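# Results of the structural survey
Listed below are the residues making up each chain.
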Amino acid sequence: MKGNPLMERGYSLTESIRELFKNLSFPGVTTGLIGALFSSMGPGMIVMNAAKQGKLPDEVAVSWIFIIFLMGGLATMFMALYYRTPVVIAWSIPGAVLIGKYLAGGGTIYQAAGVYMTVALVVLLLTATGAIKAVIEHIPVPIMLGMVGGVLLSFGINAFGNAMKLPAVYGIMILVFALWYYFKGLSSKIPGVVVAMIVGAVLLKVNGMTKSIPVAWEVARPVFVSPEFSLKSIVELGIPLFFMVVGVQNIQAVGVLLSRGYTPPVNAMYTVPSVITFINALFCGHTGVTAGPSTAICSSDIAGPKEHRWIAAFFEGVFWVSIGLLAKIGVESAKLAPAEFMQVVAGLAMFEVFSSVFEIAFSQKFRKGALVAFFVAAANVSLFNIGAPFWAIVFGVLMSLITERDHFAFAAKKKAVEAAR
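From a predicted model like this one, the values you see are computed outputs, not experimental measurements. (Residues numbered from 1 in each chain as written. Predicted model: local features only at pLDDT ≥ 70, side-chain atom pairs only at ≥ 80, totals over all residues. Heavy atoms only, no water.)

### Points about the overall build of the chain
A count of helices and strands for the chain gives 21 helices and 2 strands. A compact globule built from 421 residues would reach a C-alpha radius of gyration of about 22 Å, and the chain, at 21 Å, matches this within 12%. Taken along the three principal axes of its C-alpha coordinates, the chain extends 60 × 60 × 45 Å. Of all 421 residues assigned to the chain, the portion counted as buried reaches 54%. (Helix = DSSP H or I, 4+ residues; strand = E, 2+ residues; numbered from the N terminus. Rg over C-alpha atoms; globule rule 2.2 N^0.38 Å. Buried < 20%, exposed > 50% of the residue type's maximum accessible area, 1.4 Å probe, protein only.)

### Focus: the nonpolar core
Grouped burial of nonpolar side chains is what soluble globular proteins tend to show. Of all hydrophobic cores here, the largest spans 126 residues; its most connected members are Ile 34, Trp 64, Met 147, Val 193 and Leu 237. Val 193 has contacts with Ile 34, Phe 177, Ile 302, Val 345, Leu 348 and Ala 349, leaving out every residue within four places of it along the chain. (Core = buried A, V, L, I, M, F, W, Y, C linked by side-chain atoms within 4.5 Å. Contact = heavy atoms within 4.5 Å.)

### What to know about empty space enclosed by the protein
Taken as a whole and judged by the stated rule, the model has 1 cavity of 30 Å³ or more. In this model, the largest cavity occupies a volume close to 40 Å³. In terms of lining, the largest cavity is formed by Val 119, Ala 120, Val 123, Val 245, Tyr 270, Pro 273, Ser 274, Thr 277, Thr 287 and Gly 288. Broken down by secondary-structure element, the contributors of at least two residues to the lining of the largest cavity are helix H6 (109-128) and helix H13 (266-282). Counting residues per element, the lining of the largest cavity draws most heavily on H13, which supplies 4 residues. Of the residues assigned to the lining of the largest cavity, the class counts are 6 nonpolar, 4 polar and no charged. (1 Å grid on protein atoms, 1.4 Å probe; cavity = no way out; pocket = protein on both sides within 12 Å on 5 of 7 lines; lining within 4 Å. Points joined across faces, edges and corners; volume = space filled by probe spheres on them. Nonpolar A, V, L, I, M, F, W, Y, C, P; charged D, E, K, R; others polar.)

### Description of the packing of aromatic side chains
Under the defined criterion, the tally for this structure stands at 16 aromatic pairs. Consider the rings of Phe 177 and Phe 351, whose centres lie 5.7 Å apart with planes at 70°: the pair is edge-to-face. Residue Phe 177 is found in helix H9 (residues 167-180), and its partner Phe 351 is found in helix H18 (residues 351-361); the two are separated by 174 residues along the sequence. For Phe 177, a relative accessible area of 8% translates into the label buried. (Phe/Tyr/Trp six-rings, centres within 6.5 Å; stacked < 30°, edge-to-face > 60°.)

### A few points about helix H4 (residues 58-83)
Within an α-helix, residues lying three or four positions from one another point in the same direction, as the helix has 3.6 residues per turn. The terminal C-alpha atoms of H4, which comprises 26 residues, lie 37 Å apart, in line with the 38 Å expected from a rise of 1.5 Å per residue. For H4, the buried fraction is high: 21 of the 26 residues fall into the buried class. In the stretch just after H4, Arg 84 is the one whose phi turns positive, near 50°. (Expected span 1.5 Å × (residues − 1).)

### Thoughts on unusual backbone geometry
Of note in the backbone geometry, Arg 84 takes a positive phi value of approximately 50° without being a glycine. Its identity is not glycine, yet Phe 366 carries a phi of approximately 65°, on the positive side. The topology assignment puts Phe 366 in the loop between H18 and helix H19 (367-379). Judged by relative accessible area, which is 6%, Phe 366 ranks as buried.

### Observations concerning the environment of Val 62
Checked against the element boundaries, Val 62 lands in helix H4. Considering only alpha carbons, one finds Val 62 and Cys 284, 222 residues apart in sequence, at a separation of 9.2 Å.

### Digging into the pattern of salt bridges
Proximity of charged atoms lets side chains of opposite charge pair with each other. As enumerated under the stated definition, the model contains 5 salt bridges in all. A salt bridge links Lys 22 to Glu 19, with the nearest nitrogen and oxygen atoms 3.3 Å apart. With Lys 22 and Glu 19 both in helix H1 (residues 13-22), this residue pair falls 3 residues apart, about one helical turn. Note that Arg 309 and Asp 301 form a salt bridge whose closest N and O atoms lie 3.0 Å from each other. (Salt bridge = Lys/Arg side-chain N within 4 Å of Asp/Glu carboxyl O.)

### Here's the deal with the environment of Val 397
Residue position: Val 397 is located in helix H20 (residues 388-403). As a C-alpha pair, Val 397 and Ile 143 span 254 residues in sequence and 7.0 Å in three-dimensional space. Setting aside residues up to four positions removed in sequence, Val 397 forms contacts with Pro 140, Ile 143 and Phe 408.

### Observations regarding the packing of helix H11 (residues 192-206) against helix H17 (residues 339-349)
The contact between H11 and H17 brings their axes to 10 Å, and the two run at 165°. Taken together, the axis directions place H11 and H17 in an arrangement best described as roughly antiparallel. The handedness of the crossing between H11 and H17 comes out as right-handed. Facing Val 193, Ala 196, Met 197, Gly 200, Ala 201 and Leu 204 of H11, the residues of H17 in contact are Phe 341, Val 345, Leu 348 and Ala 349. Its residues assigned to classes, the contact of H11 with H17 comprises 9 nonpolar, 1 polar and no charged. (Axes fitted to C-alpha atoms, helices over the stretch in contact; angles between N-to-C directions. Parallel < 35°, antiparallel > 145°, perpendicular 65-115°, else oblique. Left-handed = near helix turned anticlockwise from the far one by under 90°.)

Geometric descriptors of this kind do not, in isolation, establish any biological role.
As structure tokens, then:
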């Protein structure tokens, strides 16, 4: 993929819209819905909790939810149409946790907005110089996928762990998911995870596990904030947030797409989230990122044929815009079902992704480095306020440099041969 330093060249948006309507499918739409539900039920509550930690007024919290869903949705729709690749643009979930602690410690939403803009500017500059793409291209793919496997491991553990704890609901969901694939004709048209989700929702209702919450229908109102720039805030919040964006979040999505056989538009996957970060910051929202788990859901087999899985990402964007406009309703609706329900759905949605990630990570060269990257990411322990996925790459590469040095020489020779073709 070639283009300018910030964006790889893509497809015509009007042609992609025609392709979208020509290839509309039930799996594409429902996978987009699953991704949107997964991203709104848990992460939305994390953002609300961060707002409470900072003692922000309700209107500011609603504006925060509104802008990150709206801009994430619009950016995802653009990426899907322009690159016809299932790339999902969202916001930093661990970043929201970090921001909650920062606000609780005396930081202000105005200073936080200044930090978001500073981080976005630095990422744009590094992308424009080619530094980010160069670093990513030199990380061995198996090590990157070992990290992705470690990050996603919790989703599989949560899904099957919940099934063991409550087999009458979540165990039956997994059983239905497995049995559905016995019927090849049906499973090719309606994803098994959709059927499992419907069965699970019915079982929750029958067992009295859903909540009745009054919901007031109203459109969210954005609240404008003026950014303030503080060196103390940039050091305290900006540095860990920068590493989360560059070395923890976006790189997960790059690894997921590689595992599914796509050529990721790396520069765009850093540029577009940085651009929406500037807009987010003006309305109380935080840093945009390329979302690893949601990209995994939309790039999985449940979304349909590989060449049309971008349609699932497009519809996830559509659902996000709707959630953003009705932010207050979306947050309240997330309380209707137990958190474990969406954990099971997310784990099943990524089932095929797990398979391809582990197969590629541990069946080629750099196996020792990939294994270290997997364990470090799965341990999920931060060092110096920098998340585990970053250290998974660092320690994975170090392990391969120590124990598999000849693999780097082989990889370099292979790249040189491919470039000469």
